[in-house]
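Each chain is listed here by its residues.
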Amino acid sequence: MGRERSDEVRMRAVDRKALLDALADELPPGMVRFSSKLVSIDAIPATSGSSEATVLRLEDGAVIRAKILIGCDGVHSVVARWLGLSEPLRSGRSTIRGLSVYPSGHGLKQEIRQYLSNGIRAGLLPISNTGIYWYLVNNTIPQGKLRKTFSLDQFELICTEYFH
Ligand SMILES: Cc1cc2nc3c(=O)[nH]c(=O)nc-3n(C[C@H](O)[C@H](O)[C@H](O)COP(=O)(O)OP(=O)(O)OC[C@H]3O[C@@H](n4cnc5c(N)ncnc54)[C@H](O)[C@@H]3O)c2cc1C
């Protein structure tokens, strides 16, 4: 979502899987390891016989010796923690999102629909003729104060009201 002119908010949706597939397709086969969780990083200082390296250990036991490590592993980044970057701060919001697929077509217009209520924002955005990206955001009360939470029954009611 972005503001193109001072009064206009525009949104472009990208299917994450399609984006990943498009990026991976440009690389030689076997270069990307999917579902490989990084668990630890060790820096190996240079010696007379070898240059400095970074050793990555994956959850499946694989060990990778890397010359360059680029961290793009999200909000709970193992790389950021290893670099000593500060821990993420709470945004004061809890959210869920998903992609619903309607193989025969959803029949909705290609436009965003947002529904605002007291502390809650819900939205739908068709990303194709068959896929709808949806999200639900609940503003929580600032840290240290009582949190506003929903029971499962209340949550189901909200979803039913908004999405049916
Ligand atoms: C509910 C919700 C709605 C949002 N809506 C929008 C929106 O409408 N527009 C917008 O611009 N942004 C939105 N955002 C924010 C957006 O998703 C993030 O800002 C963006 O995805 C961050 O990108 P990233 O590459 O830093 O991390 P991520 O997209 O989180 O990617 C991190 C990747 O690293 C992988 N990973 C994590 N840990 C490891 C590990 N140990 N080893 C190996 N791989 C690992 C993960 O599997 C993931 O593939 C939303 C976020 C949420 C939660």
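Residues numbered from 1 in each chain as written. Predicted model: local features only at pLDDT ≥ 70, side-chain atom pairs only at ≥ 80, totals over all residues.

Some thoughts on the overall build of the protein
Now for step 1: Looking only at helices and strands, the protein has 3 helices and 9 strands in total.
Now for step 2: Secondary structure elements in the protein, listed N-terminal to C-terminal, are β-β-α-β-β-β-α-β-β-β-β-α.
Now for step 3: Counting only residues that meet the buried cut, the protein has 2% of its 164 residues in that class.
Now for step 4: Long-range pairs, those at least 24 residues apart, make up 42% of the contacts in the protein with a sequence separation of at least 6. (Helix = DSSP H or I, 4+ residues; strand = E, 2+ residues; numbered from the N terminus. Buried ≥ 20, exposed ≤ 12 C-beta atoms within 10 Å, placed from the backbone. Contact = placed C-beta atoms within 7 Å.)

Some points on the site of the ligand
Now for step 1: With respect to spatial proximity, 10 residues lie near the ligand, and among them Leu38, Asp73, Gly74, Thr95 and Arg97 are the closest.
Now for step 2: Along the lines of polarity and charge, the residues of the shell around the ligand split into 5 nonpolar, 2 polar and 3 charged.
Now for step 3: When residues are assigned to domains, the shell around the ligand turns out to be shared by domain 1 (33-83) and domain 2 (90-163), each giving three or more. (Near = placed C-beta within 6 Å. Nonpolar A, V, L, I, M, F, W, Y, C, P; charged D, E, K, R; others polar. Domains from an automatic or database assignment.)

Comments concerning the sheet that holds strand S8 (residues 120-126)
Now for step 1: Reading across from one edge, S6-S9-S8-S7 is the order of the 4 strands in this open sheet, with antiparallel pairing throughout. Two strands in the sheet have a free side with no partner beyond their single neighbour: strand S6 (93-101) and strand S7 (113-117). Pairwise comparison of adjacent strand axes, ignoring direction, gives a mean angle of 10 degrees for this sheet.
Now for step 2: Relative to S8, S7 is paired through 5 bridges, and the arrangement is antiparallel. Bridge pairing links Gln114 to Gly123 in S8. (Pairing = 2+ DSSP bridges. Axes fitted to C-alpha atoms, helices over the stretch in contact; angles between N-to-C directions.)

Details of the environment of Val32
Now for step 1: With respect to the element layout, Val32 can be found in the loop between helix H1 (16-25) and strand S3 (38-44).
Now for step 2: If sequence neighbours within four positions are ignored, Val32 has contacts with Ala24 and Leu27.

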